[in-house]
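Examining the three-dimensional arrangement
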Amino acid sequence: MTKRSVAIFSLVSVLLLLFFWRGGGRRSPLLPEVKLVVFVVVDQFADEYLDRFDSVFTGGIRLLVDEGVVLRKVLHPHEVTATCPGHASIVTGAQPSTHGIVNNWWYDRKAKEVRYCVDDGAYSRSPDLLQVNALPDWIKDRYPRSRSYAVSGKDRSAIMMAGKEGDAALWYDKSSGMMASSRYYFRRGYPWWLSEFNKEGGAKKYFGRLWTPLVESAELFKKTGTFTFDFGDFPETFPYALGGPEPAPGPSFFADVYNSPFVDELTFNFAERLLTEFQLGNGEGIDYLALSLSALDTVGHGAGANSPKVFDVLMRIDRGLESFIALLEEKVGLDRTLIVFTSDHGIPPFPEALQHYGMSAHFGEESKTAARVSASDISCLQRAHFFGKESGQQELFEAPLYVKEEFRARDGLVTKKISDKLKGALGECAPVSAVYDSRDIEEYRFKGTRDSSSLATAKRNFFRGRSPDFSVLTKPYYSLTPGRGINHGTPYRYDAEVPVIFFGANVSRNTTLNSERRLWVTDIAGTVARLLGVSASPEAKKGLMMVSDE
Ligand SMILES: [Zn+2]
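Quick caveat, the model's predicted, so the values are computed rather than measured.

1. Regarding the sheet that holds strand β8 (residues 168-173)
The eight strands are arranged β2-β22-β13-β1-β12-β7-β8-β9 in an open sheet whose pairing can be described as mixed. Edge positions in the open sheet fall to β2 (69-75) and β9 (178-180), since each of these has one partner strand only. Within the sheet, the average angular offset between the axes of one strand and its neighbour, ignoring direction, is 15 degrees. The pairing of strand β7 (residues 148-152) with strand β12 (residues 287-293) spans five bridges and is classified as parallel. Residue Y149 lies in a different strand from β12, and its bridge partner there is L289. Its contacts with the sheet put helix α8 (residues 192-199) on β7, β8 and β9, and the angle it makes with β9 is roughly 165 degrees. Here helix α13 (residues 308-331) sits on the sheet in contact with β1 (36-42), β12 and β13 (337-342), set at roughly 175 degrees to β1.

So this is what it looks like as structure tokens:
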């Protein structure tokens, strides 16, 4: 070939390649039809809820389960299974070690103060501390006119789900009972549609209303392991009054609405308003709408996984989702909408429930260590705070698990002497199963690609400058909540396993699943990006495809 013909041949090859690259290849012919992506994150929806409450789900969750691709026991593979890291991992496809959201709160050594995960010096609340871009940002890179909104009962959930460049994150403000946002999204002041929505009263419209259950059925309670008596100080009997006897709605009433299913009702209503007002799913690109429903978490913490309150919250989510999906069908069409349902973390049952009902058969051998922190446990944990002999003791920490400057070596990590001392002291406390220092964590090498050992989960959670110097693992089902209540936050399966459901456009029951390896929630964002034909971040691209795009 002459030089000239080589040049022409190369040009033709490049053009042909470009043609097939854009038009053919792995992209499904259905791809252009997706106009709206909807995330429904149900805060504290443990994987086991999908089985235990199966008979309760007859609405929206039923539809997703029956018609969608259901993936079970998908893991949050990081140590601190809490709201902010959980949402950040879902939407970025990255681990806390990369996205930087190591917990809901952490200690900022430089500023010597506690940082909230959505703190922002200039705008009060924003995704400033989130270190990477998220799915809605990737969609905007590809479709600059795409709109992205996130709504939740919690500011941190909405802000994380909106990514770095979201049009707005909106949430329930506990102090005013109204939906609120940040100037980060609205530099020139709040928009009319937010004020318009709030004019309808926000939480005030529930003032004087009782929380009465949708259904009280002994048969359904039995089927779902719901107990009608209480393990704590308060009777588990409906109806509940929200707030106290004050004649006007105030902070205690607004806080009670936050701890009731009505906060989800406001979230659904607001999301429906956004959908209609902006005609999401009918724009030029692919629009994005995320809902994070908080009531299951705010109610679950106090009432427990076997409470009639949790039963009722779940039933209302199922019914609320049914109406919301009906609206999506009407306004956008389900063949043009991709719905992703998941959760930020799970929850264990009350240890008393496990002990009282001998539920260990259901929850496995590891639930035999179920207990609630005792007075002597607390005293033991507190004594570990001190260092030195009885006389002339020094305090070890400047903030819980963050050692004082003088106890850290030149490389910034805790000294061996201090580490040994703390590991010894904590090791004597009944609730503690293992203690790792930041050196153990940094020096740990992953075994294989999906290492789920506790040190591996700690390493994926570790972000220098934010994470504490120690990671303390409790025994399984050992609750550190004194008195009534329960918490999540461990890497154990009851906290870390959640369901993931894909439903709607580009997904069918026949979709082949990637079932050879254990799936992680950090696979979600990359999978959705691929289904939409948008380019994900490098870390998200490392994830597994959860459903086939063929
Ligand atoms: Zn929680």
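2. Some details on the side chain of T267
In this fold, T267 is placed in helix α11 (residues 262-277). Judged by its relative accessible area of 0%, T267 is buried. Looking at T267, its side chain comes within polar contact range of the main-chain oxygen of V263, at 2.8 Å.

3. Description of the pattern of salt bridges
By the definition in use, this model includes 34 salt bridges. Salt-bridge contacts for E365 lead to K368; the nearest nitrogen and oxygen are separated by 2.8 Å. Since its relative accessible area comes to 62%, E365 is described here as exposed. Here the residues in one salt-bridge network are D108, E113, R115, D119, R125 and D155, joined through shared partners.

4. Remarks on the packing of helix α3 (residues 60-67) against α13
Where α3 meets α13, the closest approach of the two axes is 6 Å, and the angle between their N-to-C directions is 75 degrees. It follows from the interaxial angle that α3 and α13 lie roughly perpendicular. Contacts from G60, I61, R62, L63 and L64 of α3 reach α13 at I317, D318, L321, E322 and I325. Residue composition of the contact of α3 with α13, grouped by class: six nonpolar, one polar and three charged.

Definitions and cut-offs
Residues numbered from 1 in each chain as written. Predicted model: local features only at pLDDT ≥ 70, side-chain atom pairs only at ≥ 80, totals over all residues. Heavy atoms only, no water. Pairing = 2+ DSSP bridges. Helix = DSSP H or I, 4+ residues; strand = E, 2+ residues; numbered from the N terminus. Axes fitted to C-alpha atoms, helices over the stretch in contact; angles between N-to-C directions. Contact = heavy atoms within 4.5 Å. Buried < 20%, exposed > 50% of the residue type's maximum accessible area, 1.4 Å probe, protein only. Polar contact = N/O pair within 3.5 Å; in protein donor to acceptor, adjacent residues only side chain to side chain. Salt bridge = Lys/Arg side-chain N within 4 Å of Asp/Glu carboxyl O. Parallel < 35°, antiparallel > 145°, perpendicular 65-115°, else oblique. Nonpolar A, V, L, I, M, F, W, Y, C, P; charged D, E, K, R; others polar.

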